[in-house]
Amino acid sequence: MQKIVSQTWVRIALSLTLLLVLAGGVLAFITAGQVGAKEQESTEARLESIARDVAQRSAGYLSGGAPFEAFGSVAKDVSNIYDVRVTIDWPDGKVVADSTQDYTKMPNEAGQPEIAAVLKNHAEMGTTTRINPATNTSEFYISVPIAEASDPSTILGVARVAVPSSQIEAQRSQVVKSVATAAVLVLIPAIAVVLLLARSIVGPLATLRKTAQRFGRGDYAARAEAKGQSDIDDLAREFNSMADQVAGTMSERTAERNLMVAMLAYMHDGIVITDSEGHVEAMNLPASTLFATPADQAEGRTLTELSGDQRLGQVLSAALARPGQRQNLDIELQGRQLSAAVTGVPSATGDKPTGLVVLQDVTDLRRLQRNGQGSFAGRA
């Protein structure tokens, strides 16, 4: 019983826990994706702001023909402040300054996607993720135009900032870890609650099951506890109501059976009860004496087997085929003359009929009849 209860509790607990984990996992996945997207947008907005700061600082130098050292100073200052790579290009793509590389050795960048977007398409911002040939590492780039203050449509150059893609991925991973940690911290107490809930469900059900098993084994006084107002308590009360009805019915049937057994025991005639196939189910002591067979040894056998008279089995078959009609037969058994009244008793529930055989010992009556007939013939 305890093993069954444990298995039931484990199944319910695992099912609820799995459902909770799946729901929490899906929610965490969606949340992490949304937060990651917001983090990406925030990173792009920050880099765009830095690029526009570079563009604003460089605009005056570009329009005034400042020496290259001035551009390098701007690139390095901004790079040190924000920890990003800064590049300044002429409108033709030639590099003017770079915070991490020797700009004089850098190739023309007019063909780079983020630069071309600004120079050719006059976009407000160009973005791309690509491999930096100098370091052979992936970087995320954002570029903005450096416009003439008096004429914003005139592009003086391009300001670009870049960060390693690994840095962005690390930030995204940190966000995912934070969301996952939060999900775990929420799931742990939730799972604990689920386990307690599963036990609170299985415990009363196990008690009810145990009570039902006792009742099924014949303990008709067994009743379930129903102290609360939960569905399980309602089920326990319904069980108790059913148990009261069944116990009452069983008590009535037992009383009726005991009365019938007593009546059969005190009858002088032999009584045999068979099933619908003609096999003996019960017989009283007089019938057992007539067949010279104990009642327990007669169960399951046919009347033909017990009596050796095929006619008795045939009459019983005919009576079972026509329930309610009595068949009569005189037979001789163990040197006694018997009058057999055979009836197929219809079932109250519509099932197959039951055979009822009443055996009356008429040996003395037949002897008297024969003697009477002999005396009458002598006087004649």
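See the structure shown above.
Bear in mind the structure is a predicted one, so any value in this text is a computation, not a measurement.

> Help me understand the overall build of the protein in this model?
Looking only at helices and strands, the protein has 10 helices and 10 strands in total. Only carbon and sulfur atoms are counted for the fraction: they give 57% of the accessible area of the protein, which is about 22,400 Å².

> Can you walk me through the pairing of strand β4 (residues 137–147) in this structure?
Consecutive side chains along a regular strand alternate between the two faces of the sheet. Within β4, eight of the 11 residues are buried, leaving the element largely enclosed by the surrounding structure. For strand β3 (residues 126–132) and β4, the ladder comprises seven bridges, and the chain directions are antiparallel. Looking at β4, one finds that Gly 126 is bridged to Ser 143.

> What exactly am I supposed to notice about the sheet that holds strand β6 (residues 270–274) here?
Within a sheet, adjacent strands bond to each other through the backbone by hydrogen bonds, running parallel or antiparallel. What the five strands build is an open sheet, ordered β7-β6-β10-β9-β8; its pairing is antiparallel. Taken across any chain shown, the strands that pair with only one partner, and hence form the sheet edges, are β7 (280–283) and β8 (326–333). Put simply, the sheet's adjacent strands are angled 25° from each other on average, direction ignored. Two strands pair when backbone bridges link them, and strand β9 (residues 336–345) and strand β10 (residues 354–361) are joined in this way by eight bridges, in the antiparallel orientation. Counterpart to Val 345 in the pairing with β10 is Thr 354.

> It is not clear to me how the layout of surface pockets should be interpreted in this structure. Could you clarify?
To find leftover empty space, one rolls a probe the size of a water molecule over the atoms. Its boundaries defined by the atoms lining it, the second largest pocket holds a volume of some 220 Å³. Around the second largest pocket, the lining comprises 13 residues; the ones closest to its centre are Arg 52, Pro 145, Ile 146, Ala 147 and Pro 152. Mapped by element, the contributors of at least two residues to the lining of the second largest pocket are α1 (2–64) and β4. For the lining of the second largest pocket, the element with the highest residue contribution is α1, accounting for four residues. Here the residues of the lining of the second largest pocket sort into eight nonpolar, three polar and two charged.

> Help me out: how do you make sense of the environment of His 122 in this one?
Relative to the elements of secondary structure, His 122 occurs in the loop between α3 (113–119) and β3. Residues His 122 and Ile 155 lie 33 residues apart in sequence; the distance between their C-alpha atoms is 8.6 Å. For His 122, the contacting residues outside a window of four places in its chain are Ala 117 and Ile 155.

> So what exactly am I meant to see when it comes to the side chain of Glu 109 here?
By secondary structure assignment, the location of Glu 109 is in the loop between β2 (95–98) and α3. Among the polar contacts listed, one links the side chain of Glu 109 to the side chain of Arg 160, at a separation of 2.9 Å. Sequence-distant contacts of Glu 109, that is, excluding residues within four places in its chain, are made with Thr 87, Asp 89, Gly 93, Val 95, Ile 115 and Arg 160.

> How should the pairing of β7 be read in this particular structure?
Pairing analysis gives three bridges linking β6 to β7, with the strands arranged antiparallel. What sits directly across from Ile 273, in β7, is Ala 282. Adjacent in sequence and paired antiparallel, β6 and β7 are bridged by five residues, among which Gly 278 carries a positive phi angle near 90°.

> For this particular structure, what's the right way to read the nonpolar core?
Side chains of a nonpolar character, in soluble globular proteins, are inclined to be buried together. The biggest cluster of nonpolar side chains holds 25 residues, and the ones touching the most others in it are Leu 47, Val 54, Val 84, Val 86, Ile 88, Ile 146 and Val 161. Those elements that provide at least two residues to this core are α1, α2 (68–82), β1 (85–89), β2, β4 and β5 (155–164). When residues in this core are grouped by element, the largest group, seven residues, is from α1. Beyond its immediate sequence surroundings of up to four residues, Ile 88 is in contact with Val 54, Ser 58, Phe 71, Val 74, Lys 94, Val 95, Val 96, Ala 97, Ile 146 and Val 158.

> What is the right way to read the pattern of salt bridges from this model?
If the charged atoms of two oppositely charged side chains come close together, the side chains can form a pair. The full count for this structure, using the stated rule, is 13 salt bridges. Of the charged contacts in the structure, one is a salt bridge between Arg 85 and Asp 98, with a shortest N-O distance of 3.1 Å. Of this pair, Arg 85 sits in strand β1 while Asp 98 sits in strand β2, and the two are 13 residues apart along the sequence. A relative accessible area of 7% means that Arg 85 is categorised as buried. Residue Glu 139 is joined to Arg 85 by a salt bridge in which the shortest nitrogen-to-oxygen separation is 3.1 Å. Here the residue Glu 139 occupies a position in strand β4, and Arg 85 occupies one in strand β1, the gap between them amounting to 54 residues. A relative accessible area of 9% means that Glu 139 is categorised as buried. Beyond isolated ion pairs, a larger network of salt bridges with shared partners links Glu 109, Glu 114, Arg 130 and Arg 160.

> Quick question: what am I supposed to make of the sheet that holds β2 here?
If you walk across this open sheet you meet the five strands as β2-β1-β5-β4-β3, and the pairing is antiparallel. Edge positions in the sheet fall to β2 and β3, since each of these pairs with one other strand and no more. Across the sheet, the mean angle from the axis of one strand to that of its neighbour is 25°, orientation sign disregarded.

Basis of the calculations
- Residues numbered from 1 in each chain as written.
- Predicted model: local features only at pLDDT ≥ 70, side-chain atom pairs only at ≥ 80, totals over all residues.
- Heavy atoms only, no water.
- Helix = DSSP H or I, 4+ residues; strand = E, 2+ residues; numbered from the N terminus.
- Areas by Shrake-Rupley, 256 points an atom, 1.4 Å probe, with all protein chains shown as cover.
- Buried < 20%, exposed > 50% of the residue type's maximum accessible area, 1.4 Å probe, protein only.
- Pairing = 2+ DSSP bridges.
- Axes fitted to C-alpha atoms, helices over the stretch in contact; angles between N-to-C directions.
- 1 Å grid on protein atoms, 1.4 Å probe; cavity = no way out; pocket = protein on both sides within 12 Å on 5 of 7 lines; lining within 4 Å.
- Points joined across faces, edges and corners; volume = space filled by probe spheres on them.
- Nonpolar A, V, L, I, M, F, W, Y, C, P; charged D, E, K, R; others polar.
- Contact = heavy atoms within 4.5 Å.
- Polar contact = N/O pair within 3.5 Å; in protein donor to acceptor, adjacent residues only side chain to side chain.
- Core = buried A, V, L, I, M, F, W, Y, C linked by side-chain atoms within 4.5 Å.
- Salt bridge = Lys/Arg side-chain N within 4 Å of Asp/Glu carboxyl O.

Structural measurements only, silent on function.
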